[in-house]
Amino acid sequence: RPHSRKSGRHRKLAEMKLAERNSFPAAARSGFSLMELLLVLALMTVLAAITVPSLQGWQQRLTLEQAASTLQHQITETRLRSIQSGERWLLVLSLPEKTSLQLCPDSPQIIPARFRFPADISWKAMSRHNAVPTSMETIRLVFRPDGTCSDISLQLSDQRGHSLALSLDRLTGSVRINQPASNRV
């Protein structure tokens, strides 16, 4: 029977250890090990490394869309000013200065309106009949009192290669923003 006494003692010791363990407050037993914390920190670092570049691309794309929308608004506004005043109006786009300028050359007393594009946005002009070279640094869009305008398309691009095209309809003066065929997937 010495064997049964040992197993009885071991059982009592195990019960006492279990009772001691259960007698500690829950706060003293809870928590994370160092390995668990390091693992979570490593996972968060990997997720951040994946997420940050895509967020930056999204932000640059949004900047491009806002610039295209603002230019579309300026084109429409310049056309309406020409119709309302009965005079020819110009919208001058300057690539080196990254600005656009609304002006009425026949009425110099009207103060020109200026808009500055974001620094990472560039554009090039494309005539429907290739009459406008793509390397122009200054683009003049002419709006006439009858609502007609220059026959031109503009392609706005950002540094990541995203681009949007603005197309002007010569007869109606309407402006459309669309994605160039090279960007479509």
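See above for the structure.
Below or above, wherever it landed, is the structure these notes cover. All of these numbers come straight from a predicted model, not from anything done at the bench.

**Details of the packing of aromatic side chains**
Working definition: an aromatic ring pair is given by the centre-to-centre distance plus the angle between the planes. This model, assessed by the stated rule, comprises 1 aromatic pair. Pairing Phe-115 with Phe-117 gives two aromatic rings, centres 5.1 Å apart and planes at 80°, and the pair type is edge-to-face. Its relative accessible area of 22% is what places Phe-115 among the partly exposed residues. Classification of Phe-117 by relative accessible area gives buried; the value is 4%.

**Overview of a nonpolar patch on the surface**
Together, Leu-34, Met-35, Leu-38 and Leu-41 give the surface a local cluster of nonpolar side chains, amounting to about 460 Å² of exposed area. Checked against the element boundaries, Leu-41 lands in helix 3 (residues 34–85).

**Some thoughts on the nonpolar core**
The biggest cluster of nonpolar side chains holds 22 residues, and the ones touching the most others in it are Leu-71, Ile-75, Leu-93, Leu-141 and Leu-156. Secondary-structure elements contributing two or more residues to this core are helix 3, strand 1 (89–94), strand 4 (122–127), strand 5 (138–143), strand 6 (152–157) and strand 7 (163–168). In terms of residue count, helix 3 provides more of this core than any other element does, 5 residues in total. Setting aside anything within four residues of it in sequence, one finds Leu-93 in contact with Leu-71, Thr-99, Ser-100, Phe-117, Trp-123, Glu-137, Thr-138, Ile-139, Leu-141 and Leu-154.

**Observations concerning the side chain of Gln-155**
Looking at the secondary structure, you find Gln-155 in strand 6. Take Gln-155: its relative accessible area is 13%, and that puts it in the buried class. Reaching out from Gln-155, the side chain makes a polar contact with the side chain of Ser-163 at a distance of 3.2 Å. Among all residues touching Gln-155, those that are not within four sequence positions of it are Ser-122, Trp-123, Lys-124, Met-126, Ser-163, Leu-164, Ala-165 and Pro-180.

**Looking at the sheet that holds strand 2 (residues 99–103)**
With antiparallel pairing, 4 strands are arranged side by side in an open sheet as 3-2-1-5. Both outer strands of the open sheet, strand 3 (113–116) and strand 5, are each paired with one neighbouring strand and no more. Pairs of neighbouring strands in the sheet enclose a mean axial angle of 15°, with direction left out of account. Inspection of the sheet shows strand 1 paired to strand 2 by 5 bridges, in the antiparallel sense. Counterpart to Leu-93 in the pairing with strand 2 is Ser-100. Packed onto the sheet, helix 3 meets strand 1, strand 2, strand 3 and strand 5 and runs at close to 155° relative to strand 1.

Thresholds, definitions, all that
Residues numbered from 1 in each chain as written. Predicted model: local features only at pLDDT ≥ 70, side-chain atom pairs only at ≥ 80, totals over all residues. Heavy atoms only, no water. Phe/Tyr/Trp six-rings, centres within 6.5 Å; stacked < 30°, edge-to-face > 60°. Buried < 20%, exposed > 50% of the residue type's maximum accessible area, 1.4 Å probe, protein only. Patch = residues over 30% accessible without salt bridge, like charges linked within 9 Å, V, L, I, M, F, W, Y side chains within 5 Å. Areas by Shrake-Rupley, 256 points an atom, 1.4 Å probe, with all protein chains shown as cover. Salt bridge = Lys/Arg side-chain N within 4 Å of Asp/Glu carboxyl O. Helix = DSSP H or I, 4+ residues; strand = E, 2+ residues; numbered from the N terminus. Core = buried A, V, L, I, M, F, W, Y, C linked by side-chain atoms within 4.5 Å. Contact = heavy atoms within 4.5 Å. Polar contact = N/O pair within 3.5 Å; in protein donor to acceptor, adjacent residues only side chain to side chain. Pairing = 2+ DSSP bridges. Axes fitted to C-alpha atoms, helices over the stretch in contact; angles between N-to-C directions.

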